[in-house]
Amino acid sequence: MDAAKGLRLKNIFSQNAIWIVLVALILGIAVIDANFLSITTLRDMMVQSSTRVIIALGAAFVLITAGTDLSAGRVVGLSAVVSASMLQMPDYASKFFPNMPELWLAIPIVIAIVVGLLVGLLNGIIVAKFNVPPFIATLGTMVAVYGANSLYFDMPPNNSQPIGGLRKDFTELGTGAVGGGQFSIPYIVLIAIFVAFIVWVVFNKTRLGKNMYAIGGNIQAAHVSGINVARNLMWIYAIAGALYGLAGVLEAARTGGASNNYGNMYELDAIAACVVGGVSTTGGVGRVKGIIAGVLIFTVINYGLTYIGINPNWQLIIKGLIIVVAVAFDIRKYVAKK
């Protein structure tokens, strides 16, 4: 009985290790400063995590197929600029489009998400139809998207000025909440939860999800079993792009503005959160709850260490070590399976 109980406890620990680490991080910081456990602080961290969760979920689609997507951050920036440029207050002095009538809120949001989807689809076509390695394909689109965004951002009369004066109904998505007081739930958190649920359904209950894991597990076996790998990859990259687009819209709404530098390096944070959250670098493995935990761990490190006054450079060292250790463990598991 003792051996069986010990094995059961070991399995529980291994399956929930990332959540245990997350709780330990929070409690460790709280020991230094008990105010860290205040409702306001935890709420702020949830708000900061929301767009990062959506980006990481998009990156996970690609990582599970044994690919990678370096264009995520630049797509976030492009979508932020596109949505913000069309959702400024009518009387704002420095409007991006001075003669544009006030649009229905959903129109610019949908346009920005579709822009992200199209970039993702382009990535999928390059990878699936031209057999370009995902790293190279998305590196190319990362550079191209930043260039296109910068040209758009530099158009007269804006001339590369940060876009501000956003409409209240738009910024409400990023700053508003259900309820009142400290116990209110921000809209942006609810949106992230809803997106996470939809992604969970796709991962676990749809043919696309099953095909995604099969492609990542063994692409040759997926071909042999009759899976249309090219078509599935194009869908996967397109969905990832749409999620980056949504994250860009919410980032603009949350911060009340946008520039062509929005989203810079977000793809690395997203990939790191996925890897720490159990998404295998070799493909075929990854769960939504682990990805969310990975994002929360890095949010706690960023926010928490700043909160207790630790030099921000230490955050980078700690994040780097966590990433290396997570990948090392993942590679060991892969080698052990072989």
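Reading the values: rules and limits
- Residues numbered from 1 in each chain as written.
- Predicted model: local features only at pLDDT ≥ 70, side-chain atom pairs only at ≥ 80, totals over all residues.
- Heavy atoms only, no water.
- Helix = DSSP H or I, 4+ residues; strand = E, 2+ residues; numbered from the N terminus.
- Rg over C-alpha atoms; globule rule 2.2 N^0.38 Å.
- Buried < 20%, exposed > 50% of the residue type's maximum accessible area, 1.4 Å probe, protein only.
- Contact = heavy atoms within 4.5 Å.
- Areas by Shrake-Rupley, 256 points an atom, 1.4 Å probe, with all protein chains shown as cover.
- Lys, Arg positive; Asp, Glu negative; His and termini not counted.
- Charge placed at Lys NZ, Arg CZ, Asp CG, Glu CD.
- Core = buried A, V, L, I, M, F, W, Y, C linked by side-chain atoms within 4.5 Å.
- Patch = residues over 30% accessible without salt bridge, like charges linked within 9 Å, V, L, I, M, F, W, Y side chains within 5 Å.
- Salt bridge = Lys/Arg side-chain N within 4 Å of Asp/Glu carboxyl O.
- Polar contact = N/O pair within 3.5 Å; in protein donor to acceptor, adjacent residues only side chain to side chain.
- Phe/Tyr/Trp six-rings, centres within 6.5 Å; stacked < 30°, edge-to-face > 60°.
- Expected span 1.5 Å × (residues − 1).
- Axes fitted to C-alpha atoms, helices over the stretch in contact; angles between N-to-C directions.
- Parallel < 35°, antiparallel > 145°, perpendicular 65-115°, else oblique.
- Nonpolar A, V, L, I, M, F, W, Y, C, P; charged D, E, K, R; others polar.
- Left-handed = near helix turned anticlockwise from the far one by under 90°.

Next up on the list: the overall build of the chain. Looking only at helices and strands, the chain has 14 helices and 2 strands in total. Whereas a compact globule of 338 residues would reach a radius of gyration of roughly 20 Å, the chain reaches 21 Å, a difference of no more than 12%. Summarising its shape, the C-alpha atoms of the chain cover approximately 75 × 55 × 35 Å along the three principal directions. Counting the 338 residues in the chain, one finds 46% classified as buried. Across the chain, every contact between residues at least 6 apart in sequence was considered, and the portion connecting residues at least 24 apart equals 77%. Element-wise, carbon and sulfur atoms account for 68% of the exposed surface of the chain, whose accessible area totals about 16,600 Å². Taken together, the 22 basic and 13 acidic charged side chains of the chain have centroids lying 16 Å from each other.

Before going further, it helps to examine the nonpolar core. One finds Leu57, Phe170 and Phe203 to be the most contacted residues of the largest nonpolar core, which totals 94 residues. With 15 residues, the single largest contributor to this core is helix 11 (residues 229-255). When residues no more than four places from it in sequence are discounted, the contact partners of phenylalanine 170 are Ser83, Leu87, Leu105, Ile109, Val249, Ala252 and Ala253.

With that out of the way, let us pick up unusual backbone geometry. Between proline 156 and the following residue, proline 157, the backbone shows a cis peptide bond with an omega angle of 0 degrees. Looking at where proline 157 falls in the secondary structure, it is placed in the loop between helix 6 (134-153) and helix 7 (168-175). One non-glycine residue, methionine 265, lies in the positive phi region at around 70 degrees. Examined against the element boundaries, methionine 265 turns out to sit in the loop between helix 11 and helix 12 (266-276). The exposure class assigned to methionine 265 is partly exposed, which follows from its relative accessible area of 42%.

Attention shifts here to a nonpolar patch on the surface. On the surface, a nonpolar cluster with roughly 400 Å² of combined accessible area is contributed by Val178, Ile185, Tyr187, Leu190 and Ile193. A total of 3 residues in the nonpolar patch trace back to one element, the largest contributor, which is helix 8 (residues 187-205). A relative accessible area of 43% places valine 178 in the partly exposed class.

Now for a positive patch on the surface. A contiguous patch of positive charge, built from Lys205, Arg207, Lys210 and Arg231, is present on the exposed surface. In this structure, lysine 205 sits in helix 8.

Note that glycine 256 resides in the loop between helix 11 and helix 12. Beyond its immediate sequence surroundings of up to four residues, glycine 256 is in contact with Ile163, Gly164, Leu166 and Thr171.

Topologically, asparagine 158 is positioned in the loop between helix 6 and helix 7. Reaching out from asparagine 158, the side chain makes a polar contact with the backbone oxygen of glutamine 161 at a distance of 3.0 Å. Apart from the residues lying within four places of it in its own chain, the contact partners of asparagine 158 are Phe96, Phe153 and Ile163.

Applying the stated criterion across every chain, the model contains 5 salt bridges. The closest approach of N and O atoms between arginine 167 and glutamate 102, which form a salt bridge, is 3.9 Å. Here arginine 167, found in the loop between helix 6 and helix 7, pairs with glutamate 102, found in the loop between helix 4 (72-85) and helix 5 (106-130); they are 65 residues apart in sequence, far enough to count as distant. Overall, the relative accessible area of 5% leaves arginine 167 in the buried class. Glutamate 102 sits in the exposed class, given a relative accessible area of 55%.

Our focus in this paragraph is the packing of aromatic side chains. All told, the structure shown has 7 aromatic pairs when counted by the stated rule. Summarising the aromatic geometry, the rings of phenylalanine 203 and tyrosine 213 are spaced 6.0 Å apart at their centres and angled 85 degrees between planes, so their arrangement reads as edge-to-face. One end of the pair, phenylalanine 203, is in helix 8; the other, tyrosine 213, is in helix 9 (residues 207-217), and 10 residues separate them in sequence. The class of phenylalanine 203 is buried, set by a relative accessible area of 2%.

Another aspect to go through is helix 4. With 14 residues, helix 4 ought to run about 20 Å at 1.5 Å a step, and its terminal C-alpha atoms sit 20 Å apart, in line with that. Counting buried residues in helix 4 gives 14 out of 14 residues, a clear majority hidden from the surface.

Contact pair helix 7 / helix 11: the axes reach a minimum separation of 7 Å and the direction vectors enclose 100 degrees. With respect to each other, helix 7 and helix 11 are oriented roughly perpendicular. Residue-level inspection shows Phe170, Thr171, Leu173, Gly174 and Thr175 of helix 7 in contact with helix 11, the latter providing Val249, Ala252, Ala253 and Arg254. For the contact of helix 7 with helix 11, the class distribution of residues is 5 nonpolar, 3 polar and 1 charged.

Below, the discussion takes up the packing of helix 3 (residues 39-64) against helix 11. Relative orientation of the contacting elements helix 3 and helix 11 amounts to 170 degrees, with a least axis distance of 8 Å. Relative to helix 11, the element helix 3 is oriented roughly antiparallel. The way helix 3 lies across helix 11 gives a crossing that is left-handed. Side by side, helix 3 and helix 11 meet where Val47, Gln48, Thr51, Ile54, Ile55, Leu57, Gly58, Ala59, Phe61 and Val62 of the first sit next to Ile236, Tyr237, Ile239, Ala240, Leu243, Tyr244, Leu246, Ala247, Leu250, Glu251 and Arg254 of the second. Grouping the amino acids of the contact of helix 3 with helix 11 by side-chain chemistry returns 16 nonpolar, 3 polar and 2 charged.

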